[in-house]
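Structural overview
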Amino acid sequence: MTERDQDVDVVVIGMGPGGEYAAGTLAQAGLAVAGVEARLVGGECPYWGCVPSKMMIRAADLLMEGRRVNGMAGAARIDPSWAPVARRIRDEATDNWDDKVAADRFTGKGGILVRGHGRITASGEVTVTRFGPGGGRQVLRARRGIVIAAGTAPAVPPIPGLAGTPYWTNREAIETEQVPGSLVVLGGGAVGAELGQVFARFGSRVTVVEGKGRLLPMEEPEAGDLLAEVLGREGIGVHTGQHVTGVGHNGASFTVTTGGRELTGDALLVATGRRTDLAAVGTGAVGIDESLPAIPVDGYLRAAPGVWALGDITGRGAFTHMSMYQARIVVADILGEPVSPAQYHAVPRVTFTDPEVGAVGLTEAQARERGLQVRTSVYPIPRSARGWIHKAGNDGFIKLVEEAGAGVLVGATSAGPTGGEVLGALAVAVHARVPVPVMRQMIYAYPTFHRAIEDALAGLG
Ligand SMILES: Cc1cc2nc3c(=O)[nH]c(=O)nc-3n(C[C@H](O)[C@H](O)[C@H](O)COP(=O)(O)OP(=O)(O)OC[C@H]3O[C@@H](n4cnc5c(N)ncnc54)[C@H](O)[C@@H]3O)c2cc1C
């Protein structure tokens, strides 16, 4: 034991949204809590994820709304500039990627912040390889438990020629001070679609390559097809069902080989998902197989005796709201407070493209795979009163997936100008298993986008 070794009640490894919430709340409750963070307190979301990407999207959407003035409200000339976007991300979102505010927030609650890489080295023991002045190692012993909230990092596929090139992940894309003249995006999931559309709207010539058969492969096929159509209309090249077989970089630009064709770009964004690293956290020391893609947990997020896991690393959906939801359960379980086990039947998620794609619960295919008897209905937003009024930029639809025997929705998608907001009503319905006849009796304000839910309900027969 060195002089810095410490006995505490709880050690939290990783101070992303869920880790920070759990560590801070437990410290406020009076426990001695050490929060171990290798990068920035707050994690991916505020510095390289949700917050700055949504600032970029807000700016890109403003440009698009400006372009829509033509033909609907006169004439507008749009002159995009990235400088205010980069400045806002640096100054307002990330404090130039400095976590002092978040670190003070945690220590202000009584938490002990330990900067370094934490690894479980025995039951109830985390060894931290410390960064910065002093360096060295510190052993933290946890009387009550260890919470693993180490999140994920960008996954980079082993494409020949890619390693060693100056490709971007979400981190470099968020930090960029300039819009590349042209950009190839590997991956047409939420991150690739959102960032691809942003850079295109700021004038970059963007091509998106997706290995699966459609964009947003995890969501309803209608969503991916709609997005491909909209992105194509905006001049973005969309290649689905295409595998990249090689990447080259000549010092100035990239060449991406896919399906016998060569795509070129000044920048290359790799947005092919996220990866966990259980070995780096030392889960083997508490009997959790380090080769697994995620940490198996029970309903209370217990992973092993005295060990909890939460957030992206549990593989239940890589969303900040999931990490926070699980963190609340972990806190209650550690404090011995009554809490319901986690439920995942109504997980909401939003891809913040324009149109936004909000979804909750099961897709039609997932419901059928589970052997459910399903009825579905799709209603196009342009056919709804509000969609028709909205006109430019009114792409979207509501899709409902009903478990026919039970008469409740088990999944829904709302794509459209405010698809993520319309999702709220559908999330309540799926979460609370609101009977479809009750949903039909509701009064839907006219002419809102969410009123299209009523039109979609009529289509369930
Ligand atoms: C571009 C982009 C946009 C996104 N947009 C959204 C969105 O709009 N909405 C949404 O809900 N989600 C969004 N996400 C996902 C969201 O950012 C993540 O789901 C969320 O950050 C996960 O939180 P977490 O608590 O699991 O940990 P993370 O945020 O991944 O943080 C984990 C922390 O643990 C630290 N760490 C890891 N290992 C160790 C170790 N051994 N020792 C010490 N520290 C360690 C890391 O440095 C990191 O700070 C987005 C992600 C990206 C990349």
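Everything discussed here concerns the structure shown above.
So, here is what we can say about the structure in this document. (Residues numbered from 1 in each chain as written. Predicted model: local features only at pLDDT ≥ 70, side-chain atom pairs only at ≥ 80, totals over all residues.)

1. Brief notes about the sheet that holds strand β17 (residues 348-351)
Hydrogen bonds between backbone atoms are what pair the strands of a sheet, whose relative direction is either parallel or antiparallel. Our working definition: One bridge is not enough; two strands pair if DSSP finds at least two bridges between them. By definition, any uninterrupted DSSP run of H or I lasting at least four residues is a helix, any uninterrupted run of E lasting at least two residues is a strand, and each is numbered from the N terminus. In this description, a line fitted to the C-alpha atoms serves as the axis of each element, helices being fitted only across the stretch in contact, and the angle between N-to-C directions of two axes falls anywhere from 0 to 180 degrees.
Spatially, the five strands line up as an open sheet ordered β17-β18-β21-β20-β19, and their pairing is antiparallel. In this open sheet, the two edge strands, each paired with only one partner strand, are β17 and β19 (374-380). This sheet shows a mean twist of 10° between the axes of neighbouring strands, independent of strand direction. Relative to strand β20 (residues 397-403), β19 is paired through seven bridges, and the arrangement is antiparallel. When the bridges of β20 are listed, V374 appears paired with E403.

2. Description of the site of the ligand
To be explicit about the condition: Here, nearness means that the C-beta atom of a residue, built from backbone geometry, sits within 6 Å of the molecule or strand in question. Throughout this entry, Asp, Glu, Lys and Arg are counted as charged residues, while Ala, Val, Leu, Ile, Met, Phe, Trp, Tyr, Cys and Pro are counted as nonpolar. The remaining residues, Gly among them, count as polar.
Taken together, 37 residues lie around the ligand, and G14, G16, G43, G151 and G311 are the ones closest in. Secondary-structure elements contributing two or more residues to the shell around the ligand are α1 (17-28), β2 (33-37), α2 (44-48), α3 (50-68), β3 (112-122), α9 (278-281) and α10 (320-335). Grouping the constituent residues of the shell around the ligand by class yields 16 nonpolar, 16 polar and five charged.

3. Description of the nonpolar core
Note that soluble globular proteins tend to have their nonpolar side chains buried in a common cluster. Rules: Each nonpolar core comprises buried Ala, Val, Leu, Ile, Met, Phe, Trp, Tyr and Cys residues, the members being joined through C-beta atoms within 7 Å. Between the buried cut of 20 or more and the exposed cut of 12 or fewer other C-beta atoms within 10 Å of a residue's own C-beta lies the partly exposed class, and all C-beta atoms are placed from the backbone. Two residues qualify as being in contact provided that their C-beta atoms, derived from the backbone, are within 7 Å of each other.
Among the nonpolar cores identified, the biggest contains 130 residues, and V11, V12, A22, I148 and L269 are the most heavily contacted of them. Tallying contributions element by element places helix α7 (residues 190-201) first for this core, with seven residues. Apart from the residues lying within four places of it in its own chain, the contact partners of L269 are W168, A173, L183, V185, L186, G192 and L195.

4. A word on the packing of α1 against α10
Short version of the rule: Geometric relationships in this document are graded by angle, where less than 35 degrees denotes roughly parallel, more than 145 denotes roughly antiparallel, 65 to 115 denotes roughly perpendicular, and other angles denote oblique. In this scheme the handedness of a crossing depends on how the near helix is turned from the far one: anticlockwise by less than a right angle means left-handed, clockwise means right-handed.
Between α1 and α10, whose axes approach to 8 Å, the crossing angle comes to 30°. Relative to α10, the element α1 lies roughly parallel. Two packed elements cross with a definite hand, and for α1 against α10 that hand is right-handed. Only T320, S323, M324, Q326, A327, V330, V331 and I334 of α10 make contact with α1, whose side of the interface consists of P17, G18, Y21, A22, T25 and L26. Along the lines of polarity and charge, the residues of the contact of α1 with α10 split into nine nonpolar, five polar and no charged.

5. Some thoughts on unusual backbone geometry
With an omega of 5°, the peptide bond running from D354 to P355 counts as cis. P447 follows Y446 through a cis peptide bond whose omega is -10°. Following the sequence through the fold, P447 ends up in the loop between α14 (436-441) and α15 (452-458). With phi around 65°, L301 is a residue other than glycine that occupies positive phi space. For L301, a count of 30 C-beta atoms within 10 Å gives the class buried.

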